[in-house]
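# A structural walkthrough
Chain by chain, the residues:
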Amino acid sequence: MKVRSLKQDKYNVITLGCSKNLVDSEVLMGQLQANDRQVVHDSEKDDANIIIVNTCGFIDNAKQESIDTILRYADAKEAGAIDKLYVTGCLSQRYKDSLEAEIPQVDAYFGTLELPQLLKTLEADYKHELIGERLLTTPKHYAYFKIAEGCNRPCSFCAIPLMRGKHVDRPIDSLVKEATRLANMGTKELILIAQDLTYYGLQHYGERKLAELLQRLSDVNGIEWIRMQYAYPSQFPMDALDVMVERENICKYLDMPLQHISDNMLKTMRRGISKRRTLELVDTIRQRVPDIALRTTLIAGHPGETQQDFEEMYRWVEESRFDRLGIFTYSHEENTHSHTLVDDVPEEVKQERADIIMELQQGISMEMNEAKVGNTYKVLFDRKESGYFVGRTQYDSPEVDNEVLVPADSTYVRLGDFANVKITSSTDFDLYGEVVTNNYAPVEQEASSLHL
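If you check an unreviewed UniProt entry, the protein appears there as Ribosomal protein uS12 methylthiotransferase RimO from Rufibacter glacialis. Here is the UniProt Subcellular location (unreviewed entry) comment for the protein, exactly as written: "Cytoplasm". Taken directly from UniProt, the Function (unreviewed entry) text for the protein runs: "Catalyzes the methylthiolation of an aspartic acid residue of ribosomal protein uS12."

Here it is in structure tokens:
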């Protein structure tokens, strides 16, 4: 067995799953750093002796990835390559007893709301004064901004309430304080996330407060973009759209998972909204914010989905022409209402239906991108890669949406800054362009090269 030399502990936090998990990891890392612990995120180096895996338990593929990751580090522990292994997050919350029995090499398992207990096990103090503070893992110019935890929605297919609990709001003043702190650190874009943004305010204030929160965050000096993700369609707060129109720093972008369109499936999924109301909602949003980019996600192959239901969804996607769209194949999750139904759509049919929808969306995206050629957009640049500076317009969220690529051999932009870019060509999911106006003159390129 490998013998380790005595030295300071180094923690490697591994994050799996969604951006909400990422924020949880950032908070954990902030607490560890405040306790004078050396901590890294998703490091591929083998120099950390304590591993903390923040798991995802959303669907089968995510659960398998989490289990595979735990097993890999369990093997490393048995080989003496690491000293301690801890597991937290959604999978641990949902399957703690089974995991303890199946993978006993893990030193301790923790649920989604057990950060103080995890820190105590690590002999670190939980510093209440740091609530809202965290160690960013994203580029400093944008940050995921969690405004609430948990979910009260009764969707039949979803296990999130089992892992995250009931909806709990974060107070507006606390969020404004965090946004101000992030802005002072150089953050320019806040990406608002929650299991359900549109429910915000009901738990803490007794009424929906998303519009007021947007106004308050919009007033924070230094925040140039505010983006909304994960909005639930039923009882959508229309006053949030008014704020979007009034405030220039609120992106004309909305991520609203609609899941399906046929009344048969919407009822089976317990979505609390009909086809007619869904169509009216999308139409109203587009009327009130004409240049909005709408992103949605769908599910293929939920129990009871007939070929007719699928064809109805296909026609709707074809007619609605969403700016961005993703689709999941249905995962039969234990302890959900859908799990009581027969999983009657074969896996190959689920995948075939998902592929057909994505092929349709690829064509729609291609046509929409071709229409942007010749136009000029404000672009925030995230990284340099393969000879291009890569950025996004207000209509695109990191990692999941379209990107704007500018050749690095003919133009210089500083990462984390905005520039106006004229689009010169396009593909199905990318735009190519040239910088029209830039805050930084070429003479600054050499002096600023460390930002690349």
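Moving on from the coordinates now.
Broken down by element type, the protein carries twelve helices and 18 strands. Computed over the C-alpha atoms, the radius of gyration of the protein is 23 Å, within 12% of the 22 Å expected from 2.2 N^0.38 for a compact globule of 452 residues. The contacts in the protein between residues at least 6 apart in sequence include a share of 74% that link residues at least 24 apart. A total accessible area of about 20300 Å² is found for the protein, and carbon and sulfur atoms account for 48% of it.

Moving on, we come to the packing of aromatic side chains. The full count for this structure, using the stated rule, is six aromatic pairs. Centre to centre, the rings of Tyr377 and Tyr395 are 6.4 Å apart; their planes meet at 85°, and the pair counts as edge-to-face. Here Tyr377 is found in strand S14 (residues 376-385), whereas its partner Tyr395 is found in the loop between strand S15 (388-392) and strand S16 (403-407), with 18 residues between them in sequence. Accessibility assignment for this pair places Tyr377 and Tyr395 in one class, buried. We note Lys209 situated over the ring of Tyr205; from NZ or CZ to the ring centre the distance is 5.6 Å.

Before going further, it helps to spend a moment on the UniProt feature "domain: MTTase N-terminal" (unreviewed entry) in the protein. The residues that UniProt annotates with the feature "domain: MTTase N-terminal" (unreviewed entry) are residues 9-127. A helix fraction of 46% and a strand fraction of 20% characterise residues 9-127, whose end C-alpha atoms lie 20 Å from each other.

Along the chain, Val342 falls in the loop between strand S13 (324-329) and helix H12 (347-370). On a C-alpha basis, the gap between Val342 and His332 in space is 9.2 Å, while along the polypeptide they are ten residues apart.

Glancing now at the pairing of S13. Bridging between strand S12 (residues 293-300) and S13 involves six bridges; their strand directions are parallel. Bridging from a neighbouring strand, Arg295 pairs with Arg324 of S13. In this fold, S12 hands off to helix H11 (residues 307-320), which returns the chain to S13; that crossover is right-handed.

Counting through the fold element by element, His260 comes out in the loop between strand S11 (250-255) and helix H9 (263-268). From its side chain, His260 meets the backbone nitrogen of Ser262 in a polar contact 3.4 Å long. A polar contact is formed between the side chain of His260 and the side chain of Glu305, at a distance of 2.7 Å. Leave out the neighbours within four places in its chain, and His260 touches Met265, Leu266, Met269, Leu298, Ile299, Glu305, Asp309, Met313 and Trp316.

To continue, consider the pattern of salt bridges. If you walk through the whole model with that rule in mind, you get 37 salt bridges. Lys10 is the salt-bridge partner of Asp47, the closest N and O atoms lying 2.7 Å from each other. Of this pair, Asp47 sits in the loop between strand S2 (38-41) and strand S3 (50-55) while Lys10 sits in strand S1 (residues 10-15); the two residues are 37 residues apart in sequence, bridging distant segments of the chain. For Asp47, a relative accessible area of 27% translates into the label partly exposed. What makes Lys10 buried here is its relative accessible area of 12%. Ionic contacts of the salt-bridge type, sharing partners, join the residues Asp60, Lys63, Arg94, Glu333 and Glu334 into one network.

Moving on, we get to unusual backbone geometry. Trans peptide bonds make up the majority, and among non-glycine residues the majority have a negative phi. For Glu123, which is not a glycine, the phi torsion comes out positive at approximately 60°. Given the relative accessible area of 69%, Glu123 is considered exposed. In the Ramachandran plot, Tyr230 falls in the positive-phi region, its phi being about 65° despite a non-glycine side chain. In this structure, Tyr230 sits in the loop between strand S10 (225-228) and helix H8 (239-246).

Attention now moves to the UniProt feature "domain: TRAM" (unreviewed entry) in the protein. In the numbering used here, UniProt assigns the feature "domain: TRAM" (unreviewed entry) to residues 370-437. For the annotated span residues 370-437, helix accounts for 1% and strand for 54% of the residues, and the straight-line distance between the end C-alpha atoms is 22 Å.

A separate point is the pairing of strand S4 (residues 84-89). In regular strands, side chains alternate between the two faces of the sheet. In terms of burial, S4 is a largely internal element, five of the six residues being buried. Bridge analysis of S3 against S4 gives six bridges, and the strand direction is parallel. Directly across from Val53, in S4, lies its bridge partner Val87. Strand direction decides the pairing type here: S4 and strand S5 (residues 108-109), joined by two bridges, are parallel. The partner of Val87 across the bridge, within S5, is Tyr109. Remark: the S4/helix H3 (residues 90-102)/S5 crossover connection has right-handed handedness.

Reading guide: rules and limits
Residues numbered from 1 in each chain as written. Predicted model: local features only at pLDDT ≥ 70, side-chain atom pairs only at ≥ 80, totals over all residues. Heavy atoms only, no water. UniProt positions renumbered as here; feature names shortened; annotations may be inferred. Helix = DSSP H or I, 4+ residues; strand = E, 2+ residues; numbered from the N terminus. Rg over C-alpha atoms; globule rule 2.2 N^0.38 Å. Contact = heavy atoms within 4.5 Å. Areas by Shrake-Rupley, 256 points an atom, 1.4 Å probe, with all protein chains shown as cover. Phe/Tyr/Trp six-rings, centres within 6.5 Å; stacked < 30°, edge-to-face > 60°. Buried < 20%, exposed > 50% of the residue type's maximum accessible area, 1.4 Å probe, protein only. Lys NZ or Arg CZ within 6 Å of the ring centre and 35° of its normal. Pairing = 2+ DSSP bridges. Right-handed = clockwise from strand over helix to strand, strands pointing away. Polar contact = N/O pair within 3.5 Å; in protein donor to acceptor, adjacent residues only side chain to side chain. Salt bridge = Lys/Arg side-chain N within 4 Å of Asp/Glu carboxyl O.

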